[in-house]
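Here are the chains, one letter per residue:
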Amino acid sequence: MSNFTLTMIKPDAVSKGLTGTILKDITEAGFSIIALKLTSLTLADAQRFYSVHQGKPFFEDLVNFMTSGPIIAAVLKKENAVENFRKLIGATNPDQAEEGTIRKKYAESTQRNAIHGSDSDENAAIETHFHFAEREIFSFL
Ligand code: CMP
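If you're wondering where the values come from, they're calculated on a predicted model, not measured in any experiment.

So what's going on with the site of the ligand? Which residues, and what values?
Inspection of the region around the ligand gives Lys10, Tyr50, His53, Phe58, Leu62, Thr92, Arg103, Thr110, Gln111, Asn113 and His116 as its neighbouring residues. Measuring from an oxygen atom of the ligand, one finds a backbone N or O atom of Thr110 at 3.3 Å. A distance of 2.9 Å is found between an oxygen atom of the ligand and a side-chain nitrogen or oxygen belonging to His116. Here the ligand loses 75% of its free accessible area of 450 Å² to cover by the protein chains. When grouped by side-chain class, the residues that make up the shell around the ligand number three nonpolar, six polar and two charged.

Here's what the structure looks like:
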């Protein structure tokens, strides 16, 4: 799976109409979109997706935010996708993100930070199957 990563455009960015702009940034950076949907997370979904953060002070706010509106989920293909995509989106805290990164351009705060990118190949696989059935993933694209 090292050529794949999972992204979510978060409710802050979707509600501001940034979906098309961000997908354009992603494809212009050389990623192929091989799965894509406009969807939403239930509270149970968000608690499961972010279970690694359970117990942290921001956990409840995070799941409330991530269930507050629609999201875009997508699987992206590129060589060394996880690392390359995390470079494209920038640091979790947009104040610390490099100029030109997606979070620098569009994020409001550490929590409302516009976009998610998997942090490892293992999590990319887990997160891909969280959002997509095999028939929704077009690896040849
Ligand atoms: P992401 O890296 O996509 O997945 C975990 C999310 O938790 C992260 O984006 C932020 O939205 C949120 N998060 C991480 N650290 C903090 C923090 N210190 N305060 C608030 N939210 C956080």
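Just give me the short version of the pattern of salt bridges, but keep the residues and values in it.
Should the charged atoms of two oppositely charged side chains come close, the side chains can pair. One pass over the structure, following the stated rule, counts six salt bridges. Note that Glu83 and Lys87 form a salt bridge whose closest N and O atoms lie 3.6 Å from each other. Here Glu83 and its partner Lys87 are both found in helix H5 (residues 81-89), four residues apart, which amounts to about one turn of the helix. Arg112 serves as the salt-bridge partner of Glu108, at 2.7 Å between the closest nitrogen and oxygen. Salt bridges linked by common partners bring Lys16, Glu108 and Arg112 together as one network.

So what about the sheet that holds strand E3 (residues 71-77)? Which residues, and what values?
Read from one edge to the other, the open sheet built from four strands follows the order E2-E3-E1-E4, with strand pairing classed as antiparallel. Strands at the two margins of the open sheet, each flanked by one partner only, are strand E2 (32-39) and strand E4 (115-117). On average, each strand axis in the sheet is inclined to that of its neighbour by 15°, with strand direction left out of account. As defined by bridge partners, E2 adjoins E3 across seven bridges and the pair is classed as antiparallel. Paired with Thr39 across the bridge in E3 is Ile71. Here helix H7 (residues 121-131) sits on the sheet in contact with strand E1 (4-9), E2, E3 and E4, set at roughly 55° to E1.

Conventions adopted
- Residues numbered from 1 in each chain as written.
- Predicted model: local features only at pLDDT ≥ 70, side-chain atom pairs only at ≥ 80, totals over all residues.
- Heavy atoms only, no water.
- Near = heavy atom within 4 Å.
- Polar contact = N/O pair within 3.5 Å; in protein donor to acceptor, adjacent residues only side chain to side chain.
- Areas by Shrake-Rupley, 256 points an atom, 1.4 Å probe, with all protein chains shown as cover.
- Nonpolar A, V, L, I, M, F, W, Y, C, P; charged D, E, K, R; others polar.
- Salt bridge = Lys/Arg side-chain N within 4 Å of Asp/Glu carboxyl O.
- Helix = DSSP H or I, 4+ residues; strand = E, 2+ residues; numbered from the N terminus.
- Pairing = 2+ DSSP bridges.
- Axes fitted to C-alpha atoms, helices over the stretch in contact; angles between N-to-C directions.
- Contact = heavy atoms within 4.5 Å.

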